[in-house]
Amino acid sequence: MVKKVVLAGGGVLGVQIALMCAYTGHDTTFWLRSEGSIGRTQPKIDRYSAAIIGDLEYSRKLIGSPMAAYLYPKALFNSPAEITNEKIDENIAKAKKNFKELIHIELDMAKAFENADIVIEAMAEDPAAKEELFKKMQEFLPEKTILLTNSSTLLPSMLAESTGRPDRFCALHFANSIWRQNTAEVMGEPQTSPEVYKATVDFAREINMIPLELHKEQPGYILNSMLVPFLLSAGTLLAKGVSDVETIDKTWELGTGAPKGPFKIFDIVGLETAYNITIMQPEAQKEGTPLNKFAGILKEKIDKGEKGINSGKGFYDYSKK
(Lines give C-alpha, C1' and ligand atoms only; values in the text may rest on other atoms or scores of the structure.)
Protein backbone atom coordinates (compact mmCIF):
# COMPACT_ATOMS: atom_id res chain seq x y z
CA MET A 1 0.00 0.00 0.00
CA VAL A 2 1.14 3.53 -0.76
CA LYS A 3 2.02 5.39 2.44
CA LYS A 4 2.96 8.95 1.46
CA VAL A 5 1.35 11.01 -1.31
CA VAL A 6 2.43 14.50 -2.35
CA LEU A 7 0.27 16.92 -4.34
CA ALA A 8 2.17 19.52 -6.33
CA GLY A 9 -0.52 22.16 -6.62
CA GLY A 10 -3.48 23.25 -4.52
CA GLY A 11 -6.12 23.89 -7.16
CA VAL A 12 -9.67 22.53 -7.24
CA LEU A 13 -8.77 18.99 -8.24
CA GLY A 14 -5.48 18.93 -6.35
CA VAL A 15 -7.35 19.63 -3.12
CA GLN A 16 -9.99 17.00 -3.83
CA ILE A 17 -7.35 14.37 -4.67
CA ALA A 18 -5.47 15.17 -1.47
CA LEU A 19 -8.61 14.90 0.65
CA MET A 20 -9.50 11.51 -0.81
CA CYS A 21 -5.93 10.32 -0.20
CA ALA A 22 -6.22 11.41 3.44
CA TYR A 23 -9.76 9.99 3.77
CA THR A 24 -8.41 6.58 2.76
CA GLY A 25 -5.58 6.75 5.31
CA HIS A 26 -2.65 8.06 3.25
CA ASP A 27 -0.24 10.60 4.71
CA THR A 28 -0.73 13.51 2.31
CA THR A 29 1.37 16.62 1.75
CA PHE A 30 0.76 19.65 -0.43
CA TRP A 31 3.86 21.17 -1.94
CA LEU A 32 3.03 24.82 -2.62
CA ARG A 33 5.18 27.57 -4.10
CA SER A 34 4.60 30.41 -1.64
CA GLU A 35 2.77 31.74 1.40
CA GLY A 36 0.32 33.27 -1.04
CA SER A 37 -0.41 29.80 -2.41
CA ILE A 38 -1.24 28.64 1.10
CA GLY A 39 -3.69 31.52 1.42
CA ARG A 40 -5.43 30.36 -1.76
CA THR A 41 -5.31 26.65 -0.98
CA GLN A 42 -6.46 26.53 2.65
CA PRO A 43 -9.97 27.91 1.91
CA LYS A 44 -10.38 25.19 -0.73
CA ILE A 45 -9.28 22.53 1.75
CA ASP A 46 -11.87 23.85 4.23
CA ARG A 47 -14.58 24.07 1.59
CA TYR A 48 -14.12 20.60 0.12
CA SER A 49 -13.65 18.99 3.54
CA ALA A 50 -17.02 20.45 4.50
CA ALA A 51 -18.54 19.26 1.22
CA ILE A 52 -17.38 15.68 1.80
CA ILE A 53 -18.66 15.64 5.37
CA GLY A 54 -21.88 17.27 4.15
CA ASP A 55 -22.39 14.48 1.63
CA LEU A 56 -21.83 11.91 4.35
CA GLU A 57 -24.51 13.61 6.44
CA TYR A 58 -26.85 13.81 3.43
CA SER A 59 -26.47 10.06 2.96
CA ARG A 60 -28.76 9.56 5.98
CA LYS A 61 -31.62 10.51 3.69
CA LEU A 62 -30.72 7.55 1.45
CA ILE A 63 -31.03 4.90 4.17
CA GLY A 64 -33.54 2.35 2.90
CA SER A 65 -34.15 4.27 -0.33
CA PRO A 66 -34.17 2.45 -3.69
CA MET A 67 -32.35 5.53 -5.08
CA ALA A 68 -29.36 4.98 -2.80
CA ALA A 69 -27.53 2.94 -5.43
CA TYR A 70 -27.69 5.90 -7.83
CA LEU A 71 -27.23 8.87 -5.50
CA TYR A 72 -24.74 7.80 -2.83
CA PRO A 73 -21.20 9.33 -2.81
CA LYS A 74 -19.43 6.34 -4.31
CA ALA A 75 -15.93 7.01 -3.00
CA LEU A 76 -17.09 7.45 0.61
CA PHE A 77 -18.73 4.03 0.99
CA ASN A 78 -17.83 0.62 -0.39
CA SER A 79 -21.42 0.02 -1.48
CA PRO A 80 -24.92 1.45 -0.89
CA ALA A 81 -25.53 -1.46 1.50
CA GLU A 82 -23.04 0.23 3.88
CA ILE A 83 -25.25 3.30 4.29
CA THR A 84 -26.45 3.04 7.88
CA ASN A 85 -26.43 5.64 10.64
CA GLU A 86 -23.64 3.75 12.37
CA LYS A 87 -21.44 3.62 9.28
CA ILE A 88 -22.11 7.27 8.47
CA ASP A 89 -21.08 8.27 12.01
CA GLU A 90 -17.95 6.15 11.66
CA ASN A 91 -17.03 7.67 8.29
CA ILE A 92 -17.63 11.24 9.47
CA ALA A 93 -15.39 10.65 12.47
CA LYS A 94 -12.74 9.11 10.22
CA ALA A 95 -12.93 12.01 7.74
CA LYS A 96 -12.57 14.66 10.44
CA LYS A 97 -9.67 12.83 12.10
CA ASN A 98 -7.81 12.10 8.85
CA PHE A 99 -8.28 15.58 7.40
CA LYS A 100 -6.84 17.05 10.58
CA GLU A 101 -3.97 14.62 11.08
CA LEU A 102 -2.93 13.47 7.59
CA ILE A 103 -3.02 16.71 5.55
CA HIS A 104 0.17 18.78 5.59
CA ILE A 105 1.38 21.84 3.68
CA GLU A 106 5.05 22.32 2.84
CA LEU A 107 6.88 25.06 0.90
CA ASP A 108 10.28 23.36 0.97
CA MET A 109 10.46 20.99 -2.01
CA ALA A 110 13.09 18.73 -0.42
CA LYS A 111 11.01 18.25 2.74
CA ALA A 112 7.76 17.81 0.80
CA PHE A 113 9.08 15.03 -1.46
CA GLU A 114 11.11 13.21 1.18
CA ASN A 115 10.19 9.49 1.17
CA ALA A 116 7.23 10.08 -1.18
CA ASP A 117 5.73 6.98 -2.78
CA ILE A 118 3.51 8.95 -5.18
CA VAL A 119 3.80 12.56 -6.36
CA ILE A 120 0.84 13.96 -8.30
CA GLU A 121 1.30 17.12 -10.32
CA ALA A 122 -1.97 19.08 -10.37
CA MET A 123 -0.97 22.48 -11.75
CA ALA A 124 -2.72 24.64 -14.36
CA GLU A 125 -2.68 23.47 -18.00
CA ASP A 126 0.52 25.25 -18.98
CA PRO A 127 3.01 22.87 -20.66
CA ALA A 128 6.04 25.12 -20.11
CA ALA A 129 5.23 25.55 -16.40
CA LYS A 130 4.78 21.80 -15.95
CA GLU A 131 8.08 21.05 -17.67
CA GLU A 132 9.87 23.62 -15.53
CA LEU A 133 8.36 22.10 -12.37
CA PHE A 134 9.33 18.55 -13.35
CA LYS A 135 12.92 19.61 -14.01
CA LYS A 136 13.11 21.24 -10.56
CA MET A 137 11.65 18.12 -8.95
CA GLN A 138 14.29 15.78 -10.33
CA GLU A 139 16.94 16.29 -7.63
CA PHE A 140 14.42 15.90 -4.80
CA LEU A 141 12.41 12.84 -5.85
CA PRO A 142 13.40 9.53 -4.23
CA GLU A 143 14.28 6.77 -6.68
CA LYS A 144 11.19 4.79 -5.69
CA THR A 145 8.72 7.64 -6.35
CA ILE A 146 6.09 7.29 -9.05
CA LEU A 147 5.37 10.64 -10.67
CA LEU A 148 1.86 11.26 -11.99
CA THR A 149 0.26 14.13 -13.85
CA ASN A 150 -3.40 15.08 -13.55
CA SER A 151 -3.19 17.12 -16.77
CA SER A 152 -6.59 17.41 -18.44
CA THR A 153 -5.41 17.72 -22.02
CA LEU A 154 -1.65 17.09 -22.32
CA LEU A 155 -0.26 13.71 -23.30
CA PRO A 156 2.24 12.21 -20.84
CA SER A 157 4.71 11.74 -23.71
CA MET A 158 4.78 15.54 -24.10
CA LEU A 159 6.13 15.86 -20.55
CA ALA A 160 7.97 12.58 -19.95
CA GLU A 161 11.53 13.65 -20.80
CA SER A 162 11.34 16.68 -18.50
CA THR A 163 10.66 14.35 -15.54
CA GLY A 164 14.03 12.58 -15.78
CA ARG A 165 12.16 9.33 -15.04
CA PRO A 166 9.88 8.56 -18.02
CA ASP A 167 9.67 4.91 -17.00
CA ARG A 168 8.13 5.94 -13.65
CA PHE A 169 5.75 8.52 -15.07
CA CYS A 170 2.20 8.40 -16.35
CA ALA A 171 -1.09 10.27 -16.21
CA LEU A 172 -3.85 9.81 -13.64
CA HIS A 173 -6.81 12.02 -14.44
CA PHE A 174 -9.79 12.63 -12.15
CA ALA A 175 -13.25 14.07 -12.70
CA ASN A 176 -14.50 16.94 -10.54
CA SER A 177 -16.24 16.07 -7.24
CA ILE A 178 -14.18 12.90 -7.11
CA TRP A 179 -15.86 11.58 -3.97
CA ARG A 180 -19.05 11.31 -6.06
CA GLN A 181 -17.72 10.85 -9.62
CA ASN A 182 -14.95 8.48 -8.59
CA THR A 183 -13.27 7.91 -11.94
CA ALA A 184 -9.50 7.80 -12.43
CA GLU A 185 -8.28 7.56 -16.01
CA VAL A 186 -4.86 5.91 -16.25
CA MET A 187 -2.80 6.72 -19.34
CA GLY A 188 0.80 5.71 -19.82
CA GLU A 189 3.21 6.67 -22.56
CA PRO A 190 5.60 4.43 -24.51
CA GLN A 191 8.33 4.54 -21.84
CA THR A 192 6.05 3.94 -18.83
CA SER A 193 6.98 0.60 -17.29
CA PRO A 194 4.18 -1.98 -16.98
CA GLU A 195 4.93 -2.23 -13.24
CA VAL A 196 4.43 1.52 -12.74
CA TYR A 197 1.23 1.46 -14.80
CA LYS A 198 -0.15 -1.38 -12.67
CA ALA A 199 0.95 0.33 -9.45
CA THR A 200 -0.93 3.46 -10.56
CA VAL A 201 -4.07 1.41 -11.23
CA ASP A 202 -3.73 -0.18 -7.79
CA PHE A 203 -3.23 3.24 -6.16
CA ALA A 204 -6.41 4.53 -7.80
CA ARG A 205 -8.30 1.66 -6.18
CA GLU A 206 -6.65 2.41 -2.81
CA ILE A 207 -8.17 5.90 -2.79
CA ASN A 208 -11.62 4.50 -3.69
CA MET A 209 -11.52 5.44 -7.38
CA ILE A 210 -12.58 3.24 -10.28
CA PRO A 211 -9.51 3.01 -12.55
CA LEU A 212 -10.32 3.45 -16.24
CA GLU A 213 -7.41 2.08 -18.22
CA LEU A 214 -6.47 3.62 -21.56
CA HIS A 215 -4.58 1.33 -23.92
CA LYS A 216 -2.95 4.15 -25.88
CA GLU A 217 -2.40 7.90 -25.56
CA GLN A 218 -5.41 10.04 -26.38
CA PRO A 219 -5.57 13.85 -26.06
CA GLY A 220 -8.27 14.56 -23.49
CA TYR A 221 -8.37 10.94 -22.32
CA ILE A 222 -11.85 9.39 -22.58
CA LEU A 223 -13.90 11.86 -20.53
CA ASN A 224 -12.50 15.12 -21.88
CA SER A 225 -12.51 13.80 -25.44
CA MET A 226 -16.28 13.98 -25.03
CA LEU A 227 -16.58 16.88 -22.54
CA VAL A 228 -14.27 19.53 -24.06
CA PRO A 229 -16.04 19.70 -27.47
CA PHE A 230 -19.33 20.08 -25.60
CA LEU A 231 -18.02 22.95 -23.47
CA LEU A 232 -16.33 24.71 -26.39
CA SER A 233 -19.49 24.47 -28.46
CA ALA A 234 -21.27 26.38 -25.67
CA GLY A 235 -18.48 28.96 -25.68
CA THR A 236 -18.87 29.31 -29.44
CA LEU A 237 -22.61 29.94 -29.10
CA LEU A 238 -21.89 32.69 -26.57
CA ALA A 239 -19.11 34.27 -28.63
CA LYS A 240 -21.29 34.32 -31.76
CA GLY A 241 -24.09 36.04 -29.83
CA VAL A 242 -26.52 33.20 -30.48
CA SER A 243 -27.72 33.31 -26.87
CA ASP A 244 -26.70 34.26 -23.33
CA VAL A 245 -25.05 32.20 -20.58
CA GLU A 246 -28.22 31.49 -18.60
CA THR A 247 -30.26 30.45 -21.63
CA ILE A 248 -27.55 28.16 -23.00
CA ASP A 249 -27.27 26.48 -19.60
CA LYS A 250 -31.04 26.21 -19.23
CA THR A 251 -31.34 24.68 -22.70
CA TRP A 252 -28.88 21.93 -21.84
CA GLU A 253 -30.35 21.27 -18.40
CA LEU A 254 -33.96 21.09 -19.62
CA GLY A 255 -33.17 19.22 -22.79
CA THR A 256 -31.00 16.51 -21.25
CA GLY A 257 -31.92 16.41 -17.57
CA ALA A 258 -28.32 17.25 -16.67
CA PRO A 259 -27.97 19.02 -13.29
CA LYS A 260 -25.60 21.70 -14.65
CA GLY A 261 -25.14 23.44 -17.96
CA PRO A 262 -21.77 24.15 -19.59
CA PHE A 263 -21.14 27.57 -18.05
CA LYS A 264 -21.83 26.25 -14.55
CA ILE A 265 -19.29 23.53 -15.34
CA PHE A 266 -16.81 26.17 -16.52
CA ASP A 267 -17.18 27.92 -13.15
CA ILE A 268 -16.55 24.68 -11.25
CA VAL A 269 -13.51 23.75 -13.35
CA GLY A 270 -12.17 27.31 -13.10
CA LEU A 271 -11.90 29.88 -15.88
CA GLU A 272 -8.09 29.77 -15.89
CA THR A 273 -8.20 26.08 -16.76
CA ALA A 274 -10.96 26.78 -19.27
CA TYR A 275 -8.85 29.52 -20.89
CA ASN A 276 -5.76 27.29 -21.11
CA ILE A 277 -7.79 24.52 -22.75
CA THR A 278 -9.50 26.94 -25.14
CA ILE A 279 -6.35 28.75 -26.26
CA MET A 280 -4.70 25.42 -27.14
CA GLN A 281 -7.30 24.84 -29.88
CA PRO A 282 -5.94 25.82 -33.34
CA GLU A 283 -9.14 27.75 -34.12
CA ALA A 284 -8.73 29.83 -30.96
CA GLN A 285 -5.40 31.12 -32.23
CA LYS A 286 -6.95 32.60 -35.39
CA GLU A 287 -7.98 36.22 -34.91
CA GLY A 288 -11.72 36.78 -35.18
CA THR A 289 -12.90 33.17 -34.94
CA PRO A 290 -15.65 32.36 -32.40
CA LEU A 291 -13.20 30.35 -30.26
CA ASN A 292 -10.73 33.24 -30.36
CA LYS A 293 -13.49 35.57 -29.18
CA PHE A 294 -14.49 33.12 -26.45
CA ALA A 295 -10.86 32.96 -25.26
CA GLY A 296 -11.02 36.76 -25.04
CA ILE A 297 -14.19 36.58 -22.95
CA LEU A 298 -12.48 34.17 -20.56
CA LYS A 299 -9.31 36.29 -20.37
CA GLU A 300 -11.32 39.43 -19.60
CA LYS A 301 -13.10 37.70 -16.72
CA ILE A 302 -9.84 36.23 -15.37
CA ASP A 303 -8.21 39.68 -15.45
CA LYS A 304 -11.09 41.01 -13.35
CA GLY A 305 -10.58 38.23 -10.79
CA GLU A 306 -13.73 36.42 -11.88
CA LYS A 307 -12.14 32.99 -12.05
CA GLY A 308 -15.06 30.75 -11.15
CA ILE A 309 -16.84 29.43 -8.10
CA ASN A 310 -13.73 29.46 -5.89
CA SER A 311 -13.22 33.20 -6.41
CA GLY A 312 -16.91 33.91 -5.75
CA LYS A 313 -17.69 34.88 -9.33
CA GLY A 314 -17.25 33.51 -12.81
CA PHE A 315 -20.04 33.35 -15.34
CA TYR A 316 -22.32 33.38 -12.28
CA ASP A 317 -22.07 35.42 -9.06
CA TYR A 318 -21.70 33.15 -5.99
CA SER A 319 -21.01 35.90 -3.49
CA LYS A 320 -24.71 36.53 -2.89
CA LYS A 321 -25.58 32.93 -2.07
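Not measured: the values here are computed from a predicted model.

Q: Is there a simple way to explain the overall build of the chain in this structure?
A: When its secondary structure is counted, the chain shows 13 helices and eight strands. Relative to a compact globule of 321 residues, whose C-alpha radius of gyration would be 20 Å, the chain shows 20 Å and is just as compact. On the principal axes, the C-alpha backbone points of the chain span a range of 50 × 50 × 40 Å. Buried residues in the chain amount to 50% of all 321 residues. Sequence separation of at least 24 residues holds for 66% of the intrachain contacts in the chain that already meet a minimum separation of 6.

Q: Just checking my understanding: could you explain the packing of aromatic side chains for this structure?
A: Note on aromatic pairs: each is described by the distance of the centres and the angle between the planes. Under the criterion given, the structure shown has ten aromatic pairs. Seen from their ring centres, W31 and F113 are 6.4 Å apart, and the 50 degrees between their planes marks the pair as tilted. One end of the pair, W31, is in strand β2 (residues 27-31); the other, F113, is in helix α5 (residues 109-113), with 82 residues separating them in the sequence. Ring geometry for F263 against F315: centres 4.8 Å apart, planes inclined by 70 degrees, an arrangement best described as edge-to-face. Placement of the pair is F263 in helix α11 (residues 262-269) and F315 in the segment after α13 (290-303), with a sequence separation of 52 residues. Taken together, F263, F266, F294 and F315 form an aromatic cluster joined through their ring pairs. If you follow K94 out to its NZ or CZ, it ends over the ring of Y23, 4.1 Å from the centre. Against the face of Y316 rests K264, its NZ or CZ located 5.8 Å from the ring centre.

Q: Help me understand the side chain of S193 in this model?
A: Residue placement: S193 occurs in the loop between β7 (183-187) and α8 (194-206). Taking relative accessible area as the criterion, S193 reaches 16% and is therefore assigned buried. There is a polar contact of 3.1 Å between the side chain of S193 and the backbone nitrogen of V196.

Q: Just checking my understanding: could you explain the packing of helix α9 (residues 223-239) against α11 for this structure?
A: Angle between the axes and distance between the axes are the two parameters that describe a pair of packed helices. As a packed pair, α9 and α11 sit with axes 9 Å apart at the nearest point and diverge in direction by 115 degrees. Viewed along their axes, α9 and α11 adopt a mutual orientation that is roughly perpendicular. Every pair of crossing elements has a handedness; the one defined by α9 and α11 is left-handed. Of the residues in α11, those in contact with F230, L231, A234, G235 and L238 of α9 are P262, F263, I265 and F266. Considered class by class, the residues forming the contact of α9 with α11 number eight nonpolar, one polar and no charged.

Q: Hey, could you run me through the environment of P156 in this one?
A: Tracing the backbone through its elements, the reader meets P156 in helix α7 (residues 156-163). Residue P156 is classed as buried on the basis of its relative accessible area, which comes to 0%. Residues P156 and C170, spaced 14 residues apart in sequence, show a C-alpha to C-alpha distance of 5.9 Å.

Q: Would you take a moment to explain a nonpolar patch on the surface for this structure?
A: On the surface, I210, L212, I222 and M226 cluster together into a nonpolar patch covering about 370 Å² of accessible area. The topology assignment puts L212 in strand β8 (residues 210-213). L212 sits in the partly exposed class, given a relative accessible area of 32%.

Q: Just checking my understanding: could you explain the pattern of salt bridges for this structure?
A: Once the charged atoms of two side chains with opposite charge are near each other, the side chains can pair. All told, the structure shown has 17 salt bridges when counted by the stated rule. Taking the shortest distance from any N to any O, the salt bridge between R180 and D55 comes out at 2.5 Å. Placement of the pair is R180 in the loop between β6 (169-174) and β7 and D55 in helix α2 (residues 35-58), with a sequence separation of 125 residues. According to the relative accessible area criterion, D55 is buried, its value standing at 15%. K87 is the partner of E90 in a salt bridge, and the nearest nitrogen-oxygen pair spans 3.2 Å.

Q: How should I be thinking about the sheet that holds strand β3 (residues 103-106) in this particular structure?
A: Strand pairing in a sheet relies on backbone hydrogen bonds. The paired strands run either parallel or antiparallel. An order of β3-β2-β1-β4-β5-β6-β7-β8 is seen for the eight strands of this open sheet, with the pairing classed as mixed. Across the chains shown, the open sheet's two edge strands, defined by having one partner strand only, are β3 and β8. Strand-to-strand twist of the sheet, defined as the mean angle between neighbouring strand axes without regard to direction, takes the value 25 degrees. Bridge analysis of strand β1 (residues 4-8) against strand β4 (residues 118-121) gives four bridges, and the strand direction is parallel. Bridged to V6 within β4 is V119.

The rules behind these values
Residues numbered from 1 in each chain as written. Predicted model: local features only at pLDDT ≥ 70, side-chain atom pairs only at ≥ 80, totals over all residues. Heavy atoms only, no water. Helix = DSSP H or I, 4+ residues; strand = E, 2+ residues; numbered from the N terminus. Rg over C-alpha atoms; globule rule 2.2 N^0.38 Å. Buried < 20%, exposed > 50% of the residue type's maximum accessible area, 1.4 Å probe, protein only. Contact = heavy atoms within 4.5 Å. Phe/Tyr/Trp six-rings, centres within 6.5 Å; stacked < 30°, edge-to-face > 60°. Lys NZ or Arg CZ within 6 Å of the ring centre and 35° of its normal. Polar contact = N/O pair within 3.5 Å; in protein donor to acceptor, adjacent residues only side chain to side chain. Axes fitted to C-alpha atoms, helices over the stretch in contact; angles between N-to-C directions. Parallel < 35°, antiparallel > 145°, perpendicular 65-115°, else oblique. Left-handed = near helix turned anticlockwise from the far one by under 90°. Nonpolar A, V, L, I, M, F, W, Y, C, P; charged D, E, K, R; others polar. Patch = residues over 30% accessible without salt bridge, like charges linked within 9 Å, V, L, I, M, F, W, Y side chains within 5 Å. Areas by Shrake-Rupley, 256 points an atom, 1.4 Å probe, with all protein chains shown as cover. Salt bridge = Lys/Arg side-chain N within 4 Å of Asp/Glu carboxyl O. Pairing = 2+ DSSP bridges.

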